[in-house]
Amino acid sequence: RGDELESPFRLDLDLRVAVMPDGLDPADLVQQDRSEELVSAVNGARPLLERRIEHEVSRHDLSGPEGRARALHAAAAQVRRINDGIARREYARYVARLVGVELEAAQAAIDGDRGRRGRAEPGVERPLDRIELELMRVLIADPLSVEGVVAEDFTDQRLRQAFSALDLSAAVPGEPVDISEAGEEETRSLLRSLAMDDRPLSSGPEILSRVKERRLDAEIEDLQRILAGMEPGTDAHSDNLRRLIALQQEKRSSTRM
């Protein structure tokens, strides 16, 4: 019931949800001599808003763009109840991962697309990233020449959809991938234009390394911004600091390769 209250958000309360084992009441757990399980459940309590977002997202089919869009808007409506800008940014990242969209899309849904950096005029699409386009060209021409590419390597949703539409399971060494039935017509049109580009291809491993390095840099920058506004010594600060250190180590390792 507390899930529907506005007070936790107005008063900036850290309200959390503890799921009791077997759906029992806490008093029942104590009477059954299961106090340790009760303590464990309380220690593992999660933020109320996090649970609410998961519930909203679970009501939608994330296998298609329409379902993801509805899930994103439902989750964004919950995050908008938070006044703290840093917490909103953190939840935007959580929503993006949960729904399977880029951070920019989640942030735009939450903020109502206000103040978005690099915002295009109405009806005008943002240009696609040159480096990510080159990675897609390599994938089309010889997908087995690059390994470890994931959808998250593409920051633009159009390229993510194009990547997801490629059937890389049937790839043959040195042969281009079949794009004749890859996704919707808009996606196929994008893939065809890249396939017809006769410029010399870049080195697959090199272009992939550049894309992943930029992705790491963006994640590191986001975490540094979040940490700057957090109180040191808290569990959340410690968790984010560990994540930042891990990302920095990953970047150093990839640079040495």
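Every value quoted in this text rests on a predicted model; they were computed, and no experiment measured them. (Residues numbered from 1 in each chain as written. Predicted model: local features only at pLDDT ≥ 70, side-chain atom pairs only at ≥ 80, totals over all residues. Heavy atoms only, no water.)

Caption draft 1: Representation of the overall build of the protein chain in the model. Helix and strand counts for the protein chain come out as 12 helices and 2 strands. Tracing the protein chain from N to C terminus, the helices and strands come up as α-β-α-α-β-α-α-α-α-α-α-α-α-α. Counting across all 257 residues of the protein chain, residues that qualify as buried make up 35%. Long-range contacts, defined as pairs at least 24 residues apart, comprise 62% of the intrachain contacts of the protein chain with a sequence gap of at least 6. Carbon and sulfur atoms make up 50% of the accessible area of the protein chain, which amounts to about 15900 Å² in all. (Helix = DSSP H or I, 4+ residues; strand = E, 2+ residues; numbered from the N terminus. Buried < 20%, exposed > 50% of the residue type's maximum accessible area, 1.4 Å probe, protein only. Contact = heavy atoms within 4.5 Å. Areas by Shrake-Rupley, 256 points an atom, 1.4 Å probe, with all protein chains shown as cover.)

Caption draft 2: The pattern of salt bridges, seen in detail. Scanning all chains against the criterion turns up 17 salt bridges. Ionic pairing is found between Asp153 and Lys212, a salt bridge with its closest N-O pair at 2.9 Å. Of this pair, Asp153 sits in the loop between helix 8 (130-141) and helix 9 (157-165) while Lys212 sits in helix 11 (residues 204-228), placing them 59 residues apart in sequence. Judged by relative accessible area, Lys212 falls into the partly exposed class, the value being 28%. Put simply, Arg242 and Asp239 hold a salt bridge, and the shortest N to O gap is 2.3 Å. (Salt bridge = Lys/Arg side-chain N within 4 Å of Asp/Glu carboxyl O.)

Caption draft 3: Representation of the packing of aromatic side chains in the model. Throughout the structure, instances matching the rule amount to 2 aromatic pairs. When the ring of Tyr91 is compared with that of Tyr94, the centres are 6.4 Å apart and the planes differ by 85°; the resulting orientation is edge-to-face. Separated by 3 residues within a single helix, Tyr91 and Tyr94 lie in helix 6 (residues 85-99), roughly one turn from each other. Measuring from centroid to centroid gives 5.7 Å for Phe154 and Phe163, while their planes differ by 40°, and the two rings are tilted. (Phe/Tyr/Trp six-rings, centres within 6.5 Å; stacked < 30°, edge-to-face > 60°.)

Caption draft 4: Focus on the nonpolar core. If you look at the biggest cluster of nonpolar residues, it comprises 23 residues, and the most contacted ones within it are Met136, Leu139, Val149, Phe154 and Leu191. Contributions of two or more residues to this core are made by helix 8, helix 9, helix 10 (185-195) and helix 11. Considering each element in turn, this core owes the most residues, 6 residues, to helix 8. Apart from residues lying up to four places away in sequence, Met136 is in contact with Phe154, Leu159, Ala162, Phe163, Leu166, Leu191 and Leu194. One finds Leu49, Tyr91, Val95 and Val99 within the second-largest nonpolar core, a separate group that totals 19 residues. (Core = buried A, V, L, I, M, F, W, Y, C linked by side-chain atoms within 4.5 Å.)

Caption draft 5: Structural context of the environment of Asp217. Along the chain, the position of Asp217 falls in helix 11. With 30 residues separating them along the chain, Asp217 and Leu247 place their C-alpha atoms 8.7 Å apart.

Caption draft 6: Just the environment of Ala18, in detail. Note that Ala18 resides in the loop between strand 1 (16-17) and helix 2 (26-31). In this structure the C-alpha to C-alpha distance between Ala18 and Ala45, which are 27 residues apart in sequence, comes to 4.2 Å.

Caption draft 7: Region of the structure containing the packing of helix 8 against helix 9. Remark: helix 8 packs on helix 9, axes separated minimally by 11 Å, with the N-to-C direction vectors making an angle of 10°. For the element pair helix 8 / helix 9, the angle class is roughly parallel. Where helix 8 approaches helix 9, its residues Glu132, Leu133, Met136 and Leu139 are matched on the opposing element by Leu159, Ala162 and Phe163. (Axes fitted to C-alpha atoms, helices over the stretch in contact; angles between N-to-C directions. Parallel < 35°, antiparallel > 145°, perpendicular 65-115°, else oblique.)

Caption draft 8: Representation of helix 9 within the structure. Taken together, the buried positions of helix 9 are occupied by Leu159, Arg160, Ala162 and Phe163. Down the axis of helix 9, the smallest arc covering the buried residues is 160°, so these residues share one side. In this structure, the buried residues of helix 9 make contact with helix 8 and helix 10. (Arc of directions from axis to C-beta.)

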